[in-house]
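The lines below spell out each chain.
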Amino acid sequence: MPTGREPESALVAARPALLVSACLLGVRCNHRGEASPSAAVAALEEHYRLVPVCPETLGGLPTPRPAAERQADGTVLTAAGEDVTAAYRRGAEAAVALSAGVGATEAVLKARSPSCGCHEVYDGTFTHTRVDGLGLAAAALAEAGVALRSEEDVEAT
C-alpha cells in the first residue's frame, strides 16, 4: 500500500496497466494520419498506467493508409479491394503480446475500427453501416481474456 513517500515512478508502476488505442491518446496513427484524442480516456491516467497501442501500425501498415473495413467473412479489405487481413492479424497478435508483456487485463479501444472496434464495426460496404462485431485486435484481446471498452463507454461515465 502506498505511503505517499514512494518515488513517483514507483507509484506509476503500482497502477494497473491499461492498454489504450494510441489514437485516443493523441498519437497521429489513424488511417487519415490523424489522432482521435479523448480527454476522458487520457484522464484514466489518474488510476491506470496507460499503454498506447496501434495494431494497424504494429502490423506494418503505413500512416496514413487507405480506409479498411472488416468483411462478413472476417477478412479486412480496403475500398479498392486490397486484402490487408495479414497486417491486421499481425497487429492483433502484437497487441495481445504487448498486453501480456505489461500485464494489462483491460483495454480501451477506438470504436468501430476494423482492428479495435469492441462493440460494433462497419459492415464492409464502405457505406458507414454499423453492425455488431469486433475488430481483429479486439477479438484477439478478448480471446486472451482482456476486458474491452470503447472510448464511448469511458466518455459516457
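Residues numbered from 1 in each chain as written. Predicted model: local features only at pLDDT ≥ 70, side-chain atom pairs only at ≥ 80, totals over all residues. Heavy atoms only, no water.

Enquirer: Explain the layout of surface pockets to me, and be specific about the residues and the numbers.
Expert: Each pocket or cavity is described by its volume, and for the largest pocket that value is around 590 Å³. Secondary structure elements with two or more residues in the lining of the largest pocket: α3 (55-58), β3 (68-70) and β6 (120-122). Considering every element that reaches the lining of the largest pocket, the biggest residue donor is β3, with three residues. For the lining of the largest pocket, the residue count by class is 15 nonpolar, six polar and eight charged. (1 Å grid on protein atoms, 1.4 Å probe; cavity = no way out; pocket = protein on both sides within 12 Å on 5 of 7 lines; lining within 4 Å. Points joined across faces, edges and corners; volume = space filled by probe spheres on them. Helix = DSSP H or I, 4+ residues; strand = E, 2+ residues; numbered from the N terminus. Nonpolar A, V, L, I, M, F, W, Y, C, P; charged D, E, K, R; others polar.)

Enquirer: Talk me through the sheet that holds strand β2 (residues 49-53); I want residue IDs and the actual numbers.
Expert: With parallel pairing, the four strands of this open sheet are ordered in space as β2-β1-β5-β8. A single partner strand is all that each edge strand has here, and the edge strands are β2 and β8 (147-150). The average undirected angle you get between the axes of adjacent strands in this sheet is 25 degrees. Looking at chain direction, strand β5 (residues 106-109) and β8 are connected through four bridges and run parallel. Looking at the pairing, V108 lines up with R149 of β8. Lying over the sheet, helix α5 (residues 136-143) contacts β1 (17-21), β5 and β8, oriented at roughly 150 degrees with respect to β8. (Pairing = 2+ DSSP bridges. Axes fitted to C-alpha atoms, helices over the stretch in contact; angles between N-to-C directions. Contact = heavy atoms within 4.5 Å.)

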